[in-house]
Protein chains: 2
Amino acid sequence: MISSTSNKKIKDVVLLTKKTSLRRERGLFVVEGIKMFMEIPDEDLEEVFASESFYNTCPTEAKIKMRTVPHEIVTDTVYAYMSDTRTPQGIMAIVKMRQHAKLSGNAFLILDRIQDPGNLGTIMRTAEAAGIDGILMNNETVDIYNPKVVRSTMGAVFRVPFVYTDNLPVAMKELGAVVYAAHLDGENDYDAEDYTGPTAFIIGNESSGISDEVAAYADKLIRIPMKGKVESLNAGVAASVLMFELARQRR
Amino acid sequence: MISSTSNKKIKDVVLLTKKTSLRRERGLFVVEGIKMFMEIPDEDLEEVFASESFYNTCPTEAKIKMRTVPHEIVTDTVYAYMSDTRTPQGIMAIVKMRQHAKLSGNAFLILDRIQDPGNLGTIMRTAEAAGIDGILMNNETVDIYNPKVVRSTMGAVFRVPFVYTDNLPVAMKELGAVVYAAHLDGENDYDAEDYTGPTAFIIGNESSGISDEVAAYADKLIRIPMKGKVESLNAGVAASVLMFELARQRR
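Residues numbered from 1 in each chain as written. Chains lettered and ligands numbered in written order. Predicted model: local features only at pLDDT ≥ 70, side-chain atom pairs only at ≥ 80, totals over all residues. Heavy atoms only, no water.

**Things to note about the sheet that holds strand β9 (residues 188-189) of chain A**
Residue and element names in this part refer to chain A. What the seven strands build is an open sheet, ordered β7-β6-β5-β10-β8-β11-β9; its pairing is parallel. Edge strands, defined here as strands with exactly one partner in the open sheet, are β7 (162-165) and β9. For β9 and strand β11 (residues 220-223), the ladder comprises two bridges, and the chain directions are parallel. In the strand pairing of β11, D189 is matched with R223. (Pairing = 2+ DSSP bridges. Helix = DSSP H or I, 4+ residues; strand = E, 2+ residues; numbered from the N terminus.)

Right, here's the structure in full:
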């Protein structure tokens, strides 16, 4: 049992939760909580840490899953130190990043510099529910392996393919889909378009929207009609409305 | 100019930002930021506090609006102490609560114990954009005058009528609308219903959904079809999908 917060393994985990660059270098990220832990594909598991009190009371299937890879029991104090949540959940896994070289399918989401971790996580969870086949993001989008993003995907991070790119316009074209951008200058209402063919929606940054450079590469600008004095919708709300319109048309 | 954080007025403002009970007792709440400040209806303004550096550089129209009511300039240090945000915006107003005795119209949202301030704010902002006429909430819903909620409404708090009730089933009936509840036991897909007549949607608590007691008073249970392994949608996402389907049908 690990009982010291200066243990090298413990320090390593803390760094992994905090540093995007270290996560990228090692190709590993951190997942916390029993529910998320049970959803990790077995082949992606690298190592598991459990607090003493969690290990003594956890369900048998969690123990069985833990034992398939190297695992460590740590004191509750050490665990609380490792966790970045206010209510530590007692189990934390180091997980291998998936490499999705190329997206395939006929329904995509394209994210241009989404910054809020909770937004990205919720968008990914909603994308899975709406039947989106893949998410394309530029490198200025928040890191999907940020622990807050991982948590708020509710497991969708393990199921929805995604790709980061440093050249969004080129990668957008390679999707082979009609690319729509929700934009204040949009011509048609979003629900006047036909999304039954290969379709991609661009969603822009929370405060500045879609950059002009990226919008210029969209095939069509559409608008979500808004009443009242609202100037824009939350990025996650706009994404939800568009994705569920696509799902509605395809049912 | 106020230069001490132990000034009684300053202490009072801080308490108002923190205590729901005090806000209710006084019928006042706190609004921060220039954008939100300019949207406050003049007749609702009670008092304004500006930081020294904000006051020296702020737009003339903000100064004119400030001077219509009692206002105080405070040192930047005192202002930072008053503000509950990481990047204090330099202007803060004490605002009178509106009393909406009864909701009227033909499109409503009913919230059952929504807990997350950001969720409630975003739902209200989205409701305005979708053309919802009013929001009915039970008392277990987070306080709409919580500073985080106020901020995330982006001004909708001043424009969308809302009512808190301690008897949601009775108040629901009084809306005179067909009440739909998004529910896992829902019979029809949400988009198979007709929302062109008087309509209300119930949205439930983030983790436990709509309570059985409240759901029992709905006229119809509907479902939002979900693909993949997603068990539920975020409350704000579910609300957005339903409200924009109503808006779509009414266009």
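**A few points about the side chain of T75 of chain A**
For T75 of chain A, the location among the structural elements is in the loop between β3 (71-74) and α6 (76-82). With a relative accessible area of 15%, T75 of chain A lands in the buried category. (Buried < 20%, exposed > 50% of the residue type's maximum accessible area, 1.4 Å probe, protein only.)

**Quick word on the interface of chain A and chain B**
At the junction of the two partners, chain A supplies 30 residues and chain B supplies 30 residues. Together chain A and chain B conceal approximately 2,600 Å² of surface at their shared face, both sides included; 56% is due to carbon and sulfur atoms. A per-residue breakdown of the area chain A buries against chain B is headed by R125, F244 and R251 of chain A, which together make up 21% of the total. Along the contact surface separating chain A from chain B lie eight salt bridges. For K35 of chain B, the salt bridge is made with E231 of chain A, and the minimal N-O distance between the two is 3.1 Å. Summed over the shared surface of chain A and chain B, the number is 13 residue pairs in polar contact (both at pLDDT 80 or more). Here the residues of the side of chain A that touches chain B are counted per class, giving eleven nonpolar, seven polar and twelve charged. (Contact = heavy atoms within 4.5 Å. Buried area = accessible area lost by both parts, 1.4 Å probe. Salt bridge = Lys/Arg side-chain N within 4 Å of Asp/Glu carboxyl O. Polar contact = N/O pair within 3.5 Å; in protein donor to acceptor, adjacent residues only side chain to side chain. Nonpolar A, V, L, I, M, F, W, Y, C, P; charged D, E, K, R; others polar.)

**Considering the packing of aromatic side chains**
All names here are of chain B. Here the structure, examined in full by the defined rule, presents twelve aromatic pairs over all chains. Between F29 and F158 the ring centres are 6.5 Å apart and the planes differ by 35 degrees, which places this aromatic pair in the tilted class. Separated by 129 residues along the polypeptide, F29 in strand β1 (residues 28-32) and F158 in the loop between α8 (147-152) and β7 (162-165) bring together distant segments of the chain. The residues F29 and F158 share a single accessibility class, namely buried. Seen in terms of ring centroids, Y180 and Y195 are 5.0 Å apart; in terms of plane orientation they differ by 85 degrees. Their pairing is edge-to-face. One end of the pair, Y180, is in strand β8 (residues 178-182); the other, Y195, is in the loop between β9 (188-189) and β10 (199-204), with 15 residues separating them in the sequence. (Phe/Tyr/Trp six-rings, centres within 6.5 Å; stacked < 30°, edge-to-face > 60°.)

**Remarks on the relation of the copies chain A and chain B**
Least-squares fitting of chain A to chain B yields an RMSD of 0.0 Å, with the transformation described by 0.0 Å of translation along the axis and a rotation of 180 degrees. On this basis, the relationship between the two copies can be described by a two-fold rotation axis. Proximity to the rotation axis, assessed at the C-alpha, singles out V241 of chain A in chain A; its C-alpha lies 2.8 Å from the axis. By residue overlap, the copies meet face to face through one surface: 100% of the interface positions of chain A are interface positions in chain B. (Least-squares fit on C-alpha atoms with pLDDT ≥ 70 in both.)

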